[in-house]
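Understanding the architecture of this molecule
Chain by chain, the residues run as shown.
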Amino acid sequence: MKFATIRMLAGAMLMLALAMPIANAKIFRVNVVGDPAQMDPITLSEIVAGRILRNVYEGFTATTEDGRNAPALALSWEPLATGPGFRFHLRPGVKFHSGRPFGAKDVKYTMEELLRPGAKGGLGASHLGSITGAKAFKDGAAPTIEGIKIVDDLTIDIAFTKQDVLFPIYPIFFMDSGIVAELGADWMAKASAGTGPYKFRQWRRGVSVDLDANPTYWGGAPKIEGVSFLIVPNGDTALSQYDAGELDFVDVYAGSIRRVLRDDRYAKDLIRVPRAQAVYMGMNQNLYAPFKDIKVREAVSLSIDRQAMIRGLYGNAAFMLNGAVTPGMPGETIGLPAPKFDPARAKALLAEAGFPDGKGLPPIDIASTEASKDELTYYADQLKRVLGMPVSVKVVERATFIRGMNAGEVAFFPWGWTMDYPDAATYLQDMWYSTSPYNRPRWKNIEYDALIDAALITADDSKRFALYHKAEKILVDDFGMVPLPITASVGLRKPNVRNVTLTPFGFSTFDRIEID
Amino acid sequence: MLAFILRRIASLIPVLAVALLVTFAAIHALPGDPVQVMLSDHSADKEMAARLRAEYGLDRPLPAQFVAYLGEIASGRFGLSFRYVHQPVADVLRDGLAISPLLAVAALAMALLIGIPAGVYAAIRRNRWQDTLLILLLVAGLSIPNFAVATFLVYALSVKLAALPVAGWGTWRQAILPVLVLAIPAGAYLARLTRTFMLEVLGQDFIRTARAKGLGPRLVIWRHAFRNTLLPLATSAGVIFGGLLSHTVVVETIFNIPGLGRLAIDSIFARDYPVAMAVVLLFVLFYAGINLLVDLFYLVIDPRVREGMGA
C-alpha cells in the first residue's frame, strides 16, 4: 500500500509539473542584477530602480537613443523675465496611470516631496538646490518652495538663486499628486503614479518586477503587453536563461563578458557600447611634487598602452576614451585625438623634467579598490618598466578609498565617474571644476573654471557646447585629465526582438519594442 | 513533555546570544563605512551622509548600537538594510523566509522516499548484482558535487530539451530541478545508511525468531527489522536536513531562487551586513528547531526515551 501511495503521489506531481504552461504572450523579459531598492520616484537612488522606473515615470525631458535631450513632459521652456529661472509649458493631454490628468500641480508636488523636511528624497533632491527657497523649505522654515509658482494648469515658473541652464534635463520624475489620497502612503506597493509607457503590476521580491503596457500613453500605446524585469544576480544563470529562451534580452554582467565575446553563437545577438563613465588617471599635484611638471604627467600618459589593455585586460570589452567626456554624451568634443602610447618619448620627457630613468623620483603608491587590482598591477609594472618610476600597488577598501579621494588625500589613482545627467557638464563641472568635491586629483585652472561658469549660464546648446570644447581642450592639453580605457556595456538580444538596445546611458526606453 | 520542550528552548538562548554577539562584533570589525557605500558617487554629500548616519543609528557608540539592535530583533524588524536603503531587514527577508526550509523539506521528503526503499532493497539483496549496482549509484550520487549535477541537469533538461525552466521561482516546474539536485546526495546517503542499519538488524536473533515462527518476509522486513532502524535514521535525517538547509545556498544561487540562502550570498557580496546577520540568526534558529524536532521524534518512536524523561 505504501508503495502504491508513493507512486500515485509522484505521478500526480509529474503530471502537474508538465501541465504548466511554458511560454506566455508578448512580454519583454530582461534581467536585472538585484531587487530595486525602492519603487517610487522620490526615494529613487540606485541603478536597478532607475532602469525600471524610467519606463514608468517621466521628466521634463528624456534622452534619446542617439544621446539628445528631447522634450517629454515639458513641450518647451523659456528663461523667466524676472531673473534666473524658467517658465515651463507642459505637454497637454497627458494622463497618469490613475487616469488623472498631468499638470503644473504635479510638478510642484513632486519637487516638494523631494525636498520635504525629514523625508527621504533620493538623488532627484540633489538637483533642486538652486531653486529659490529650496533651503528654507527643506529646513522646515517655509511651508512651500518660494521659487515655484503655478501660472495655470499647464504652465509653471521655477526661479533660481543662480542660473541653472541644465535644470530641464535633470532626471526628476514627476508623480501623480493625487495618489496618496487615493491609495495611502504605501501606494508604491500597489500601483505606479507616473505617465510613462508602462505601469506597475507587481513586484515579487527576488523574482521579478512586472509592468503592464499603458494603453493610454501619450507617445502611443506600446506594441507589447508588458515588461518583466527578472531578478538574476548570477551572470551565468542569466545566460542559461537566455539560451533556454526565458529571457529576450540579457544584460551581460562583467564576470560573463569574456565568455560571451568568445562564443560565436552569440555574435549575431551581440550589442556592445561604451559606458557613460569617464575613467582617468588621477595625479594630485599637491601630494606628489613631480606631478606639478606637465612633462611628468604627459610621460605617465605616454607610458600606458591602452590598446594592449583593451585587448589583453578587457578581452575587447572596452573602448578608447580620448577626452574628458564619454562618447555619445551631449556636448562631447568630436574628433579628439586618441591618447598615444610612446615609451621613447615618455622616457625623454621624464629626463627633460630632471628625472632620467626615474632617478630622483620619490616613491609613490598607485591606489584603488579591489575591483581595479588588475589595472593597478598593469600600471605599476608599466610605469616601472618604461619610466623607472618607483611605484607600488596599494589596494584600499572602497568606502575608505572614496572618502580619501573626496578629501584630496590620494596622490595617484585610476578612477571613474559615472554620468549623473545627460550633458557634458556631468563630467566637466562635477569632476574638474576647481571647487567640486569630486575633483579628486584637485586639478585647478582659472581659465577652465571661467569657461565652465560661462557655459552653465548659456542655455543655447550649441553655444554652451562650444564653451565646453574650449574648456575640455585646456583640461586635456594640460594632462589634468589623462583618459584611460572605458569598459563596455554588453547585451544580447534575441533576433525576434526589435527597437530596444543598450546605449551608453543604459537601456533605451522600452516604449517601441516589438516582439515577432 | 512540555517541561522538556521548555528546557530545550531555554538551552537555545546562550547559543543565540553567542551567535548574535559574534556576528555583531565581526561585522563592526570589518573595514569600511556603509554610509559611504550607500552614497556611492554622491559620497561628498555631507548632508545626505549625516541624515543616513542618523537614520541607521551609526552615529551612536557601539554598545548603544548593540542595544538598539537587540530592540530591533525583539520588534522583528532586524534593523535597516544597507543595500535597500531605508527598508527594514524584515521586509527584505519576508518573501524568502519560507523558501529555503521548504526546499529542504521537499528534498528531504524526496530523499526519504527514494533513499529508504533503495537502502532496504539493497540490504535484502545483499551482495547480489542489484546491491552492487545500487552501491555504485550511491557512490556516484554522493561524490559528484551538487553544482556539477545542477549544471549538467540544466544543460540537458532545460537548455537542450527545454523540458524544465533553467531558473526562477513561482511555479511547480521551477522547483523540480532544485529539489532533485538537493535530494540526490541526501537520498544516496540515506540509502547507504538504511542499508547498513538494516544489515545490522537483519543479523539479529529476534529476526531469526520472527522468521522461524512463520512470519512472511514483508512483515519481517517492515515491521520488525525496519522499525528498529527508525531511531538512527531519525537522528541522521535531522543531520541531513541541516546539511540540506546549507546546500540551499548553492542551489538557490544556481537556480536563482529568492530564498534565504541566495540572500545570504547576495547580502555578503553587497556588504549588506544587517541582512547577512539576520540570515545567520535565522539559520541558527532553523538548526536549533530541527534538533528539537528530532528529539521530540525520539519521544514518539522510542519508549525508552519517554520513560527516561521522568528521571
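Residues numbered from 1 in each chain as written. Chains lettered and ligands numbered in written order. Predicted model: local features only at pLDDT ≥ 70, side-chain atom pairs only at ≥ 80, totals over all residues. Heavy atoms only, no water.

Some remarks on the overall build of chain B
- Helix and strand content of chain B: 14 helices and 0 strands.
- Listing every helix and strand of chain B by position from the N terminus yields α-α-α-α-α-α-α-α-α-α-α-α-α-α.
- Taking 19 Å as the expected radius of gyration for a compact globule of 311 residues, we find that chain B reaches 24 Å, considerably beyond that expectation.
- Each of the 311 residues in chain B was classed as buried or not, and the buried ones make up 48%.
- Sequence separation of 24 or more characterises 71% of the internal contacts of chain B that already satisfy a separation of 6 or more. (Helix = DSSP H or I, 4+ residues; strand = E, 2+ residues; numbered from the N terminus. Rg over C-alpha atoms; globule rule 2.2 N^0.38 Å. Buried < 20%, exposed > 50% of the residue type's maximum accessible area, 1.4 Å probe, protein only. Contact = heavy atoms within 4.5 Å.)

Digging into the nonpolar core
- If you look at the biggest cluster of nonpolar residues, it comprises 147 residues, and the most contacted ones within it are Phe28, Phe167, Met389 and Phe412 of chain A.
- Counting residues per element, this core draws most heavily on helix H11 (residues 373-387) of chain A, which supplies 7 residues.
- Not counting residues up to four positions away in its chain, the partners in contact with Phe167 of chain A are Phe60, Phe86, Phe88, Met111, His127, Leu128, Ile131, Ile158 and Phe160 of chain A.
- Core analysis: the next-biggest nonpolar cluster, separate from the first, contains 51 residues, Ala111, Leu153, Leu233 and Ile290 of chain B among them. (Core = buried A, V, L, I, M, F, W, Y, C linked by side-chain atoms within 4.5 Å.)

Quick notes on the packing of aromatic side chains
- Counted under the stated rule, the structure contains 34 aromatic pairs over all chains.
- Note on Phe167 of chain A and Tyr170 of chain A: the rings are 6.1 Å apart at their centroids and 75° apart in plane angle, and the pair reads as edge-to-face. Residues Phe167 of chain A and Tyr170 of chain A agree in their burial class; the two are buried.
- Here Phe507 of chain A and Phe510 of chain A contribute two aromatic rings whose centre-to-centre distance is 5.6 Å and whose plane-to-plane angle is 70°, an arrangement assigned as edge-to-face.
- What links up through ring pairs into an aromatic cluster is the set Phe60, Trp77, Phe86, Phe88, Phe96, Phe102, Phe160, Phe167, Tyr170, Phe174 and Tyr421 of chain A.
- Over the ring of Tyr84 of chain B we find Arg205 of chain A; its NZ or CZ atom is 5.6 Å from the centre of that ring. (Phe/Tyr/Trp six-rings, centres within 6.5 Å; stacked < 30°, edge-to-face > 60°. Lys NZ or Arg CZ within 6 Å of the ring centre and 35° of its normal.)

Focus on the pattern of salt bridges
- Counted under the stated rule, the structure contains 30 salt bridges over all chains.
- Linked by salt bridges that have partners in common, Lys223, Arg498, Glu514 and Asp516 of chain A make up one network. (Salt bridge = Lys/Arg side-chain N within 4 Å of Asp/Glu carboxyl O.)

A few points about the interface of chain B and chain A
- Listed by partner, the interface residues are 46 residues for chain B and 50 residues for chain A.
- Taken together, both faces of the contact between chain B and chain A bury some 3,900 Å²; the carbon and sulfur share is 57%.
- Where chain B packs against chain A, one counts 0 salt bridges.
- Taken together, the connections running from chain B to chain A amount to 8 residue pairs in polar contact (both at pLDDT 80 or more).
- For the side of chain B that touches chain A, the secondary structure elements donating two or more residues are helix H2 (34-39), helix H3 (46-55), helix H5 (89-94), helix H6 (99-124), helix H8 (146-160), helix H9 (172-202), helix H11 (217-254) and helix H12 (260-269) of chain B.
- The greatest single-element share of the side of chain B that touches chain A, amounting to 4 residues, is contributed by H3 of chain B.
- Looking at the side of chain B that touches chain A residue by residue, the classes come out as 20 nonpolar, 13 polar and 13 charged. (Buried area = accessible area lost by both parts, 1.4 Å probe. Polar contact = N/O pair within 3.5 Å; in protein donor to acceptor, adjacent residues only side chain to side chain. Nonpolar A, V, L, I, M, F, W, Y, C, P; charged D, E, K, R; others polar.)

Re the domain arrangement of chain A
Residue and element names in this part refer to chain A.
- Segmenting chain A into domains produces domain 1 (27-38 + 196-274 + 489-515), domain 2 (57-180) and domain 3 (277-487).
- Placing a centre on the C-alpha atoms of domain 1 and another on those of domain 2 gives a separation of 30 Å.
- Counting residues at the interface gives 11 residues for domain 1, matched by 10 residues for domain 2.
- Taking both sides of the interface into account, the surface hidden between domain 1 and domain 2 amounts to around 920 Å²; carbon and sulfur atoms contribute 57%.
- For the domain 1 face of the interface with domain 2, the top three residues by lost area are Gly196, Trp218 and Phe505, together amounting to 52%.
- Between domain 1 and domain 2 we count 4 residue pairs in polar contact (both at pLDDT 80 or more) in total.
- Residue composition of the side of domain 1 that touches domain 2, grouped by class: 4 nonpolar, 5 polar and 2 charged. (Domains from an automatic or database assignment.)

A look at helix H12 (residues 398-406) of chain A
- Taken as a whole, H12 of chain A has its buried residues at Ala399, Phe401, Ile402, Gly404, Met405 and Asn406 of chain A.
- Along its buried surface, H12 of chain A packs onto strand S15 (364-368) and strand S17 (412-418) of chain A together with H2 of chain B.
- Following H12 of chain A by one or two positions, Gly408 of chain A adopts a phi angle in the positive range, close to 70°.

Looking at unusual backbone geometry
- Positioned with a positive phi, Arg442 of chain A is a non-glycine residue whose angle comes to about 60°.
- Structurally, Arg442 of chain A is set in the loop between helix H13 (425-428) and helix H14 (446-455).
- Among the residues examined, Arg442 of chain A registers a relative accessible area of 27% and is labelled partly exposed.
- Even without being a glycine, Ala162 of chain B presents a positive backbone phi close to 50°.
- Position of Ala162 of chain B among the secondary structure elements: in the loop between H8 and H9.

Focus on the pairing of strand S13 (residues 277-283) of chain A
Residue and element names in this part refer to chain A.
- Taken across its 7 residues, S13 has 6 buried, putting it largely inside the fold.
- By the bridge criterion, 7 bridges tie S13 to S17 in an arrangement that is antiparallel. In the strand pairing of S17, Gln277 is matched with Thr418. (Pairing = 2+ DSSP bridges.)

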